[in-house]
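The primary structure of each chain is shown beneath.
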Amino acid sequence: MAAAEPMVVVDDLHVVYRVFGAGGDRGTAATALLRILGRKTRGSIREVHAIRGVSFVAYRGDAVGVIGRNGSGKTTLLRAIAGLLPPEQGNVYTDGDAALLGVNAALLDDLTGERNVVLGCLAMGMTKKETKEKYPSIVDFSGIGEFVDLPMKHYSTGMGSRLRFAIAASKSQDILLVDEALATGDAEFRVKSHARIEELRQEAGTVFLVAHNLEEVELTCNRVIWMERGQIVTQGEDVTGIIDRYIEASGGTPVDRDPVTGRRVHSRVPAKT
Amino acid sequence: MSNDRRLSAPGQLAAGDDLPSAGTATAELPDEPLAEFAVQHGLRPSAERPPVGLYIRSLWQRRHFIMAFATARNIAMYTEARLGQLWQVLTPLLNAGVYFLIFGLLLHINRGIPNYLGFLVTGVFVFNFTQRAFISTSTVITESLPLIRALRFPRAALPLAYVMIELQQMLLSMVVLAVILLITGEPITWYWLLAIPVLLMQTVFNIGCGLATARLGSTVNDFSQLLPFLMRTWLYVSGVLFQISTLDIARKYVAILQINPAAIYITLMRESLLETQRESQPGAKPYNAQLCHVWATLGHRAGASQQLQMDSAYCHAVTNPAHYWYYGIAWAVLALVVGFYFFWRAEAQYGRG
């Protein structure tokens, strides 16, 4: 590992969200006026300390799975790596740009899939010519066929995420952050996206994968980070071991394990193509 | 790090509240401090904004994105309507129609201005360009949050694209305006070509202001609520509906209102397109106290002849109309530099939402 090239260094990272409009007063004009007259700070601003001192290093060619329950700070961590959330304390260092794929992030809802592909490519810095060249392969990869003429808001969740993944994965990203973006895809798409992530790793990129589907993490990732309450519980290359401990801590029992090696004995998702 | 206003991320371990010691969590870290380790390997902070030069270059590289984004948004704006793209032309036509109904047919207001309808519609269209640019850019960051969060590109591309949308609309409005002016009896002259540099200056001004409003609108939610009122006040003090020089206020205030950017671009556009404005502009002819007085009294009466209304040319100009072009350029450059710098300062913050 010493010779490997680091791609992402997270150094004692703290991230704090400021949330407006949290509960508190009754939210009427009168209470707002009283608050201003009384020179009180706005009662409805709350701070959420979502990441509390996280440190790790990810290397070129790593596929890092991030696991943990809802609200444990996985998405926030990915956003901080992408440079979208400024750190409160500590810092995130990256080699190159990061692209974040979230589950609910339609690019431009009221535009057709076709325009989304073109705009996405141009926004990533491709030239017009490159965009034209990539277009058929992106549409083909997404597998949405003739629906490409429809505005994206009429897509099903799965179709939307397929197209978004296809756009973001069309360029070899230095760092690809996948936040549950594959969860809504069907079996065929999972196989394809799995293969594409593998390819991106070969092209010397680093992939972060947030998924509640632990089988997917186990098959895709060579390292795993387990987060709880904004901190890292444990991390390492023993993917299966950490996942098993996570399952046990959540009150479940790992299944499909070989009693001797502790490895998964069979899988429903083909690992490589 | 804990007080009652602060919440921690939820969730806890089933086995108890204790988190494993830092030892296990940092077992794989290099020995040296991480910040040094990162710098040694040429890594850069992810939330760092790029230097200005690099930023401008990457913005120039995204020019096709800006234009494609503007066109796509413009098309999407009317896709739900049955008449579709026709609305791009219908909107300015109906706008002009409303003013014609009220000021041309119902209210016989005479403000001592020859071809009042042409004067009014020119002012409304020019002001509308700036107004729409301000209002649309104030929400561009929140509207495009998914795009901002998914892909890395210079964020200034978004407000720029929104101003381009408004420019496309403005160009169509200009065609409608030309037809209206011809109907109201204005001749086509070489002066019409001056409309191009006026539009150019105004576009640069709008880009600068649009960048500033985009940043303000992205963080201060109260700003987009306040903006319509600010814009309406600006409309009334910029001489869209009347000649600023006829206001009954001290000359220095008249001067300030006359050189405000909206008034400058409106006046320049009027003087490019309306011959009646060029020739009736105060100061256009040598000062003549008697003729000026005639205009100030008789020229404002209902049913005053166009000849009488043109006599405003014999009055003193408060600010020198020859300087308006310099003001126009100065406002555009100032807005662009300040707006760009202001927007760029917060480049790393826009994904926050």
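Residues numbered from 1 in each chain as written. Chains lettered and ligands numbered in written order. Predicted model: local features only at pLDDT ≥ 70, side-chain atom pairs only at ≥ 80, totals over all residues.

*Asks:* Tell me about the overall build of chain B, and name the residues and values.
*Replies:* Helix and strand content of chain B: 17 helices and two strands. Taken over the C-alpha trace, chain B has a radius of gyration of 27 Å; the compact-globule value for 353 residues is 20 Å, which it surpasses by more than 25%. When the backbone C-alpha atoms are referred to their principal axes, chain B occupies close to 95 × 50 × 45 Å. Split into buried and exposed, the 353 residues of chain B put 38% on the buried side. The long-range fraction of contacts in chain B, counting pairs at least 24 apart against all pairs at least 6 apart in sequence, stands at 82%. (Helix = DSSP H or I, 4+ residues; strand = E, 2+ residues; numbered from the N terminus. Rg over C-alpha atoms; globule rule 2.2 N^0.38 Å. Buried ≥ 20, exposed ≤ 12 C-beta atoms within 10 Å, placed from the backbone. Contact = placed C-beta atoms within 7 Å.)

*Asks:* I'd love a proper account of the overall build of chain A, names of residues and values included.
*Replies:* Per the secondary structure count, chain A includes eight helices and nine strands. Per-residue burial for chain A yields a buried fraction of 48% across its 273 residues. Taking the contacts inside chain A whose residues are at least 6 apart along the sequence as the reference set, 71% of them involve residues at least 24 apart.

*Asks:* So what's going on with the environment of valine 9 of chain A? Which residues, and what values?
*Replies:* Looking at where valine 9 of chain A falls in the secondary structure, it is placed in strand β1 (residues 6-19). On the basis of neighbour count, valine 9 of chain A is assigned to the buried category, with 27 C-beta atoms found within 10 Å. Through-space distance from the C-alpha of valine 9 of chain A to that of serine 55 of chain A is 7.6 Å; in sequence the pair is 46 residues apart. In this structure valine 9 of chain A touches Val57 and Tyr93 of chain A together with Leu34, Phe37, Ala38 and Leu43 of chain B, once residues within four positions along its chain are discounted.

*Asks:* Break down the pairing of strand β8 (residues 223-228) of chain A for me, citing the residues and quoting the values.
*Replies:* The side chains of a regular strand alternate, first on one face of the sheet and then on the other. Residues and elements named next belong to chain A. When you tally the buried positions in β8, you get six out of six residues, the bulk of the element. Side-chain alternation along β8 places Arg223, Ile225 and Met227 on one buried face and Val224, Trp226 and Glu228 on a second face that is also buried. Where strand β3 (residues 63-67) meets β8, four bridges bridge the pair, whose relative direction is parallel. Within β8, the residue paired with valine 64 across the bridge is arginine 223. Of the pairings in the sheet, the one linking β8 to strand β9 (residues 231-236) comprises five bridges and is antiparallel in character. Bridged to tryptophan 226 within β9 is threonine 234. (Pairing = 2+ DSSP bridges.)

*Asks:* Can you explain the interface of chain B and chain A? Please cite residues and give values.
*Replies:* Counting residues at the interface gives 50 residues for chain B, matched by 64 residues for chain A. When contributions to the side of chain B that touches chain A are tallied by element, the ones reaching two or more residues are β1 (6-8), α1 (22-25), α2 (34-40), β2 (44-45), α4 (63-77) and α8 (145-150) of chain B. The element best represented in the side of chain B that touches chain A is α4 of chain B, accounting for six residues. For the side of chain B that touches chain A, the residue count by class is 30 nonpolar, 12 polar and eight charged. Two elements, strand β4 (residues 89-94) of chain A and β2 of chain B, share two bridges in a ladder whose sense is antiparallel. (Nonpolar A, V, L, I, M, F, W, Y, C, P; charged D, E, K, R; others polar.)

*Asks:* Any chance you could break down the nonpolar core for me, citing the residues and the numbers?
*Replies:* Counting 150 residues, the largest nonpolar core has Ile81, Leu177 and Leu209 of chain A as the members making the most contacts within it. If one sorts the elements of this core by residue count, helix α9 (residues 157-183) of chain B sits on top with 13 residues. Residues in contact with leucine 177 of chain A, not counting those within four places in the same chain, are Leu78, Ile81, Ala82, Ala98, Ala99, Leu100, Leu101 and Phe208 of chain A. Counting residues in each nonpolar core, the second largest holds six residues, with Met310, Ala313, Tyr314 and Cys315 of chain B among its members. (Core = buried A, V, L, I, M, F, W, Y, C linked by C-beta atoms within 7 Å.)

*Asks:* Which residues make up unusual backbone geometry, and what are the values?
*Replies:* The residue arginine 229 of chain A is not glycine, and still its phi comes out positive at about 50 degrees. According to the C-beta neighbour criterion, arginine 229 of chain A is buried, with 22 such atoms within 10 Å. One non-glycine residue, asparagine 115 of chain B, lies in positive phi territory at about 45 degrees. With respect to the element layout, asparagine 115 of chain B can be found in the loop between α5 (87-106) and α6 (116-137). Residue asparagine 115 of chain B is classed as buried on the basis of its 21 C-beta neighbours within 10 Å.

*Asks:* Give a description of the environment of phenylalanine 37 of chain B that names residues and reports values.
*Replies:* For phenylalanine 37 of chain B, the location among the structural elements is in helix α2. Counting along the chain gives 257 residues from phenylalanine 37 of chain B to valine 294 of chain B, while the straight-line C-alpha distance between them is 82 Å. Those residues in contact with phenylalanine 37 of chain B that sit more than four places away from it in its chain are Val9 of chain A together with Pro30 and Glu32 of chain B.

*Asks:* Outline α4 of chain B, supporting the account with residue identities and numerical values.
*Replies:* Counted at 1.5 Å a residue, the expected span for α4 of chain B with its 15 residues is 21 Å, and the 21 Å between its end C-alpha atoms agrees. For α4 of chain B, every residue scored as buried is listed here: Phe65, Ile66, Ala68, Phe69, Ala72 and Arg73 of chain B. In this structure, the buried residues of α4 of chain B make contact with α3 (113-123) of chain A together with α9 of chain B. (Expected span 1.5 Å × (residues − 1).)

*Asks:* Describe the packing of α3 of chain A against helix α5 (residues 157-170) of chain A, naming the residues involved and giving the relevant values.
*Replies:* All names here are of chain A. Relative orientation of the contacting elements α3 and α5 amounts to 25 degrees, with a least axis distance of 9 Å. With respect to their mutual orientation, α3 and α5 come out roughly parallel. Judged by the twist between their axes, the crossing of α3 over α5 is right-handed. Residues Gly113, Asn116, Val117, Gly120 and Cys121 of α3 touch α5, and the partners they reach there are Leu163, Ile167 and Ser170. (Axes fitted to C-alpha atoms, helices over the stretch in contact; angles between N-to-C directions. Parallel < 35°, antiparallel > 145°, perpendicular 65-115°, else oblique. Left-handed = near helix turned anticlockwise from the far one by under 90°.)

*Asks:* Describe the domain arrangement of chain B, listing the residues and the values that go with them.
*Replies:* All names here are of chain B. What the domain assignment reports for chain B is domain 1 (50-281 + 323-352) and domain 2 (283-316). Averaged C-alpha coordinates put domain 1 and domain 2 at centres separated by 31 Å. On the side of domain 2, 13 residues touch domain 1, which itself brings nine residues to the contact. Residues belonging to the side of domain 1 that touches domain 2 are distributed by class as follows: two nonpolar, five polar and two charged. (Domains from an automatic or database assignment.)

*Asks:* Go over the packing of helix α10 (residues 195-219) of chain B against helix α13 (residues 261-273) of chain B with me, naming the residues and quoting the values.
*Replies:* Residues and elements named next belong to chain B. Between α10 and α13, whose axes approach to 9 Å, the crossing angle comes to 165 degrees. For the element pair α10 / α13, the angle class is roughly antiparallel. Two packed elements cross with a definite hand, and for α10 against α13 that hand is left-handed. Contact with α10, carried on its side by Ala195, Val198, Met201, Gln202 and Phe205, involves Pro261, Tyr265, Leu268, Met269, Ser272 and Leu273 of α13 and no other residues of that element. When its residues are assigned to classes, the contact of α10 with α13 shows nine nonpolar, two polar and no charged.

*Asks:* Lay out the environment of glutamate 203 of chain A with the relevant residues and their values.
*Replies:* Residue and element names in this part refer to chain A. Along the chain, glutamate 203 falls in the loop between α6 (187-202) and β7 (206-210). Classification of glutamate 203 as exposed rests on a count of 11 C-beta atoms within 10 Å. Taking the C-alpha atoms as reference points, glutamate 203 and serine 161, 42 residues apart in sequence, are found 23 Å from one another.

*Asks:* Run through the confidence of the model for chain A, naming residues and quoting values.
*Replies:* The predicted model of chain A has a mean per-residue pLDDT of 80, with 83% of residues at 70 or higher. Note that residues 269-273 of chain A has pLDDT below 50 and, in this model, 11 contacts with residues that lie over four places away or in other chains. (pLDDT = per-residue confidence, 0-100.)

*Asks:* Kindly report on the confidence of the model for chain B, identifying the contributing residues and their values.
*Replies:* Residue and element names in this part refer to chain B. Model confidence for chain B is summarised by a mean pLDDT of 83, while 91% of its residues fall at 70 or above. By mean pLDDT, the top-scoring element of chain B is helix α17 (residues 324-345) (96), and the lowest-scoring one is α1 (41). Per-residue pLDDT stays below 50 along residues 1-5; that stretch engages in three contacts with residues further than four places along the chain or on separate chains. Note on residues 11-27: pLDDT under 50 across the span, and 24 contacts to partners over four residues away in sequence or across chains. Model confidence for the complex: the whole-complex pTM is 0.81, and ipTM, which rates the interface, is 0.74.

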